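Observations on chain architecture
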Amino acid sequence: MRGRNDGGQSKRPIVLLCVMVACLCLLFLYFSGSNGGQAGSAALEYGTKFTRSLGWGSDADGDDGLDESIFGTGDASDVKLKSFPACDDRHSELIPCLDRNLIFQMRLKLDLNLMEHYERHCPPPERRFNCMIPPPHGYKVPIKWPKSRDIVWKANIPHTHLAKEKSDQNWMIDAGEKIKFPGGGTHFHNGADKYIANIANMLNFKDNIINNEGMLRTVLDVGCGVASFGGYLLSSNVIAMSLAPNDVHQNQIQFALERGIPAYLGVLGTKRLPYPSRSFELAHCSRCRIDWLQRDGILMLELDRLLRPGGYFAYSSPEAYAQDEEDRRIWKEMSSLAERMCWTIAEKKNQTVIWVKPLNNDCYRSRPRGTNPPLCKSGDDPDSVWGVTMEACITPYPEQMHRDGGSGLAPWPARLTTPPPRLADLYVTADTFEKDTEMWQQRVDNYWNLLSPKVKPDSIRNIMDMKANFGSFAAALKEKDVWVMNAVPHDGPSTLKIIYDRGLIGSNHDWCEAFSTYPRTYDLLHAWTVFSDLDKRGCSAEDLLLEMDRILRPTGFIIVRDKAPVIAFIKKYLNALHWEAVTAVDAESSSESEENEMIFIIRKKLWLPGGSQDST
């Protein structure tokens, strides 16, 4: 009897389980029907939003069909208070998308000969460091511009290997608590200023001034070292995008940015540089250790894409003047390649050669059939750059530019506010451009009034506009002693070429990923509807907050211009990020926004590893 009773009891749970499964199946069928789809989609929506908020998932197309914002309505109950741990000290210089440890850990198969290991490789969500990047021990508020051009705190970048390795070239000098920059370089031991004047002399520019009466404004310095070339161009009203990879001289760009000189981590590898076509009047390479002949000259062709009509390539390297057999071979092949690209030599002396790009398409059209490199296919968009593979072809000019025989740009500084011809590519009128310029001048004036209680004349040097549109935010700062990195969304209108045509600099970027710069780079970040745009794409707002904290200098500022729920969302994270609110006000009304925006100004406190914190 006991055995039979036990058997009956053991069957009871099985029967109950079967009944429950049957009920669940019926419920599933009910809610899966025409009247139940809403319940299923609601569950899916909750799950998707949850994984998005953790940075675990996103829709590649940026459209997951969700109308509700992760920022909610701005009520206090929408977002739970959050805390972020500090990353380990060894990550104080972490650049998430240029992390060689990540490349090793993920066993990425990259071609070292093509420099793929220096290109962007961003961590998947599960490998992101969801922590705050600490400053190095002993970190100090950076020395202010213009003194910073010549001297920085060693504690902020505790690396002196370049002072020893380049001691004979006057790159930098270890001076106790500080590092000094005499202005030297591999090919300009006697100073960048004399070298720059020599280039101007070679080009017969008036009074040996490199800006050529305002016609030379934007420069690309490839393999820039510590960017002394770019730093000394600034006094001539010329701005350089100083470019170098995170390579064996890994801190050169970090030194440049600490000095207050515009710079960007990048490499001529397999992908196009994140700049539109015809952006620069001058490209420069001084012993930049680049094999220009590889892959049918593809790297020189990338420079060609970036140079304006009549633009120059100044090349200082042994191949241009040395007499040993290998250098002569390289020089012969480079000369042949340049000739087939329709470049001509403007001048060659003093260990430097300067090529000039043609003003129109005539030379390209007169080349013998079958000449390499070929012209790019008609369907190629030379302004599409984000993650786009380089091709070994020549980018011809559009017909209008060919007929004009040049870029049609006004000299600096008039070009800053003069509507450029390429507005027509975007179907934007001159009137719209001028109204945008005027509107942002008013907005920036308002920003400065709000900042004035906290900002001294030399408080801010490095600025990033995280969604630059036409660059009018940067244009409004023309009277300030600052420079602006204008970031333009990679998937939006190609407005970055307008920014370069105005004589400003910037880069395409995707804010679902980390920016290609060192920690503690910028004094001020301007985020106009960046969070709202991110929400539409399904990327993590928390990840963006951590990235902004990573690239912002201690005591630096953030200006968020966005909808009220976004401001309420960010406020929940202030303590966790060691940020403090400066002010929050309603923005002036504007037809540009669907609903009223707010302005929220934040300041980052100086916190140190171990939990200590200084007041700003």
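Where an unreviewed UniProt entry is consulted, the protein appears under the name Methyltransferase, with the organism given as Lolium multiflorum. Its UniProt record gives the protein a comment under Sequence similarities (unreviewed entry), which states: "Belongs to the methyltransferase superfamily."

**Looking at the sheet that holds strand E2 (residues 173-175)**
Read from one edge of the open sheet, 3 strands run E1-E3-E2, paired in antiparallel fashion. Every other strand in the sheet has two partners, leaving strand E1 (151-153) and E2 as the edge strands with one partner each. On average, each strand axis in the sheet is tilted by 30 degrees relative to the strand beside it, whichever way the strands run. Two elements, E2 and strand E3 (residues 178-180), share 3 bridges in a ladder whose sense is antiparallel. Opposite Ala 175, over in E3, you have Lys 178 as the bridge partner.

**Comments concerning the state of the cysteines**
Following the criterion strictly, the structure yields 6 disulfides and no others. A sulfur-sulfur separation of 1.9 Å characterises the disulfide bridge that pairs Cys 285 with Cys 288. Disulfide Cys 285-Cys 288: the torsion about the S-S bond is -90 degrees, which places it as left-handed. A single burial state applies to Cys 285 and to Cys 288, both of which are buried. The disulfide bridge from Cys 342 ends at Cys 363, spanning 2.1 Å between sulfur atoms. Disulfide Cys 342-Cys 363: torsion about the S-S bond near -85 degrees, hence left-handed. In this pair, Cys 342 sits in the loop between helix H9 (325-340) and strand E9 (344-349) while Cys 363 sits in helix H10 (residues 362-366), placing the two residues 21 residues apart along the sequence. Since its relative accessible area comes to 6%, Cys 342 is described here as buried. We classify Cys 363 as partly exposed; its relative accessible area is 29%. When the cysteines of the protein that form disulfides are numbered from the N-terminus onward, they connect as 1-4, 2-3, 5-6, 7-8, 9-10, 11-12.

**Quick look at the sheet that holds strand E10 (residues 352-356)**
Within the open sheet, the 7 strands sit side by side as E6-E5-E4-E7-E8-E10-E9. Their pairing is mixed. Strands at the two margins of the open sheet, each flanked by one partner only, are strand E6 (263-265) and E9. Each neighbouring strand pair of the sheet contributes to a mean axis angle of 20 degrees, computed without reference to strand direction. With 5 bridges connecting them, strand E4 (residues 218-222) and strand E5 (residues 239-244) associate as parallel partners. Bridging from a neighbouring strand, Thr 218 pairs with Ile 239 of E5. Strands E4, strand E7 (280-286) and strand E8 (307-316) of the sheet are contacted by helix H8 (residues 294-306), whose axis makes an angle of about 135 degrees with E8.

**Regarding the pattern of salt bridges**
By the definition in use, this model includes 29 salt bridges. Among the ionic pairs, Arg 422 bridges to Asp 501, the shortest N-O distance being 2.9 Å. A residue pair is termed long-range when its members are at least 10 positions apart, and Arg 422 in the loop between helix H11 (399-404) and helix H12 (430-451) and Asp 501 in helix H14 (residues 496-501) qualify at 79 residues. Both residues of the pair, Arg 422 and Asp 501, count as buried. The structure contains a network of salt bridges with shared partners spanning Glu 281, Arg 308, Arg 415, Arg 422 and Asp 501.

**Focus: the nonpolar core**
Counting residues in hydrophobic clusters, the biggest one holds 124 residues, and the most contacted among them are Leu 220, Tyr 275, Trp 292, Trp 511, Phe 531 and Ile 570. The residues touching Trp 292, leaving out its near neighbours within four places in the chain, are Leu 268, Cys 285, Gly 297, Leu 299, Met 300, Leu 303, Phe 313, Tyr 315, Met 334 and Leu 337. Tyr 195, Phe 205, Val 219 and Val 356 belong to the second-largest nonpolar core, a separate cluster that totals 22 residues.

**Examining the side chain of Ser 148**
For Ser 148, the location among the structural elements is in the loop between helix H3 (100-105) and E1. Looking at Ser 148, the relative accessible area reads 2%, which means it is buried.

Each value, and the rule that gives it
- Residues numbered from 1 in each chain as written.
- Predicted model: local features only at pLDDT ≥ 70, side-chain atom pairs only at ≥ 80, totals over all residues.
- Heavy atoms only, no water.
- UniProt positions renumbered as here; feature names shortened; annotations may be inferred.
- Pairing = 2+ DSSP bridges.
- Helix = DSSP H or I, 4+ residues; strand = E, 2+ residues; numbered from the N terminus.
- Axes fitted to C-alpha atoms, helices over the stretch in contact; angles between N-to-C directions.
- Disulfide = S-S within 2.5 Å.
- Buried < 20%, exposed > 50% of the residue type's maximum accessible area, 1.4 Å probe, protein only.
- Contact = heavy atoms within 4.5 Å.
- Salt bridge = Lys/Arg side-chain N within 4 Å of Asp/Glu carboxyl O.
- Core = buried A, V, L, I, M, F, W, Y, C linked by side-chain atoms within 4.5 Å.

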